[in-house]
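Chain by chain, the residues:
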Amino acid sequence: MSIKKFKCPLYGFKFHFFLGLTEDEVNQYLRERKSDEIELDGCFGTCWQDKDHIFIWLKEEPKKKTLAARLHHEVGHATNYVAKARGIKLCPDNDEALAYLSQWIFEKCIKLIL
């Protein structure tokens with residue numbers, strides 16, 4: 001049950017990673033920073049963008065392999081949000097930059113899980 005915040009200076013985004021927080025706890029955090037609330041009922045993870053902030057939420061689970069797989073899935077969304085917001089076209093010729101960004105986001109988040 002934690003929140004980790006980190007900045008990506010290269011692309012100018014701030015990431016907020018929630019692990020194991022309830023919907024009420026996430027929405028309290030969002031209200032405090034004057035962001036729109038979100039509905040988390042029935043999902044195990046989600047990712048969304050609000051201006052230059054990207055939020056990743058994962059429901060805490062006892063199986064860390066499953067949790068890491070869900071994180072990988074949500075990091076894919078986060079990477080696409082950054083690419084779209086910064087005008088980076090997704091294509092085979094530029095996949096290395098996006099792969100590095102995805103890896104960087106994943107490594108920042110995984111420290112909460114392990």
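Use the structure listed above.
The following paragraphs examine the structure supplied in this document.

Each value, and the rule that gives it
Residues numbered from 1 in each chain as written. Predicted model: local features only at pLDDT ≥ 70, side-chain atom pairs only at ≥ 80, totals over all residues. Heavy atoms only, no water. Helix = DSSP H or I, 4+ residues; strand = E, 2+ residues; numbered from the N terminus. Rg over C-alpha atoms; globule rule 2.2 N^0.38 Å. Buried < 20%, exposed > 50% of the residue type's maximum accessible area, 1.4 Å probe, protein only. Contact = heavy atoms within 4.5 Å. Areas by Shrake-Rupley, 256 points an atom, 1.4 Å probe, with all protein chains shown as cover. Lys, Arg positive; Asp, Glu negative; His and termini not counted. Charge placed at Lys NZ, Arg CZ, Asp CG, Glu CD. Pairing = 2+ DSSP bridges. Axes fitted to C-alpha atoms, helices over the stretch in contact; angles between N-to-C directions. Phe/Tyr/Trp six-rings, centres within 6.5 Å; stacked < 30°, edge-to-face > 60°. Core = buried A, V, L, I, M, F, W, Y, C linked by side-chain atoms within 4.5 Å.

**Quick notes on the overall build of the chain**
Step number 1: Along the chain, the regular secondary structure elements total three helices and four strands.
Step number 2: Each helix (α) and strand (β) of the chain, taken in turn from the N terminus, gives the series β-β-α-β-β-α-α.
Step number 3: At 14 Å, the chain has a C-alpha radius of gyration in line with the 13 Å of a compact globule built from 114 residues.
Step number 4: Each principal axis of the C-alpha atoms in the chain carries an extent, and together these give about 40 × 35 × 25 Å.
Step number 5: Looking at the chain residue by residue over its 114 residues, the buried ones come to 39%.
Step number 6: The long-range share in the chain, meaning contacts at least 24 apart out of those at least 6 apart in sequence, stands at 51%.
Step number 7: Summing over all exposed atoms, the chain offers an accessible surface of approximately 7,000 Å²; the carbon and sulfur share of this is 53%.
Step number 8: Charge-centre separation for the chain: the mean point of 18 positive side chains lies 5 Å from the mean point of 17 negative side chains.

**A short note on the sheet that holds strand E1 (residues 2-8)**
Step number 1: Spatial strand order, E1-E2-E4-E3: four strands in an open sheet with mixed pairing. The open sheet has two edge strands, E1 and strand E3 (45-50), and neither has a second partner. Strand-to-strand twist of the sheet, defined as the mean angle between neighbouring strand axes without regard to direction, takes the value 15°.

**As for the packing of aromatic side chains**
Step number 1: Taken as a whole, this structure holds seven aromatic pairs when the rule is applied.
Step number 2: Ring plane angle 65° and centroid distance 6.3 Å describe the contact between Phe15 and Trp104, whose orientation is recorded as edge-to-face. Residue Phe15 is found in strand E2 (residues 13-19), and its partner Trp104 is found in helix H3 (residues 95-113); the two are separated by 89 residues along the sequence.
Step number 3: The exposure class of Phe15 is buried, given its relative accessible area of 1%.
Step number 4: Trp104 sits in the partly exposed class, given a relative accessible area of 26%.
Step number 5: When the ring of Phe18 is compared with that of Tyr29, the centres are 5.2 Å apart and the planes differ by 80°; the resulting orientation is edge-to-face. Of this pair, Phe18 sits in strand E2 while Tyr29 sits in helix H1 (residues 23-32), and the two are 11 residues apart along the sequence. Take Phe18 and Tyr29: they sit in the same class, and that class is buried.

**Considering the environment of His72**
Step number 1: Along the chain, the position of His72 falls in helix H2 (residues 64-85).
Step number 2: Along the chain, His72 and Ile105 lie 33 residues apart, while their C-alpha atoms are 9.4 Å from each other.

**Brief notes about the nonpolar core**
Step number 1: One finds Phe15, Phe17, Ile56, Leu71, Ile105 and Ile113 to be the most contacted residues of the largest nonpolar core, which totals 21 residues.
Step number 2: Only E1, E2, strand E4 (53-58), H2 and H3 provide two or more residues apiece to this core.
Step number 3: Non-local contacts of Phe17, meaning those with residues more than four positions away in its chain, are made with Ser2, Ile3, Lys4, Phe6, Ile56, Leu58, Leu71, Cys109, Leu112 and Ile113.
Step number 4: Residues Val26, Leu30, Trp48 and Trp57 belong to the second largest nonpolar core, which totals 10 residues.

**Comments concerning the pairing of E3**
Step number 1: Within E3, five of the six residues are buried, which leaves the element mostly enclosed by the surrounding structure.
Step number 2: Bridge count for E3 against E4 is six bridges, and the pairing is antiparallel. Bridged to Gly45 within E4 is Leu58.
Step number 3: Between the end of E3 and the start of E4, which pair antiparallel, lie two residues, with Lys51 showing a positive phi angle near 55°.

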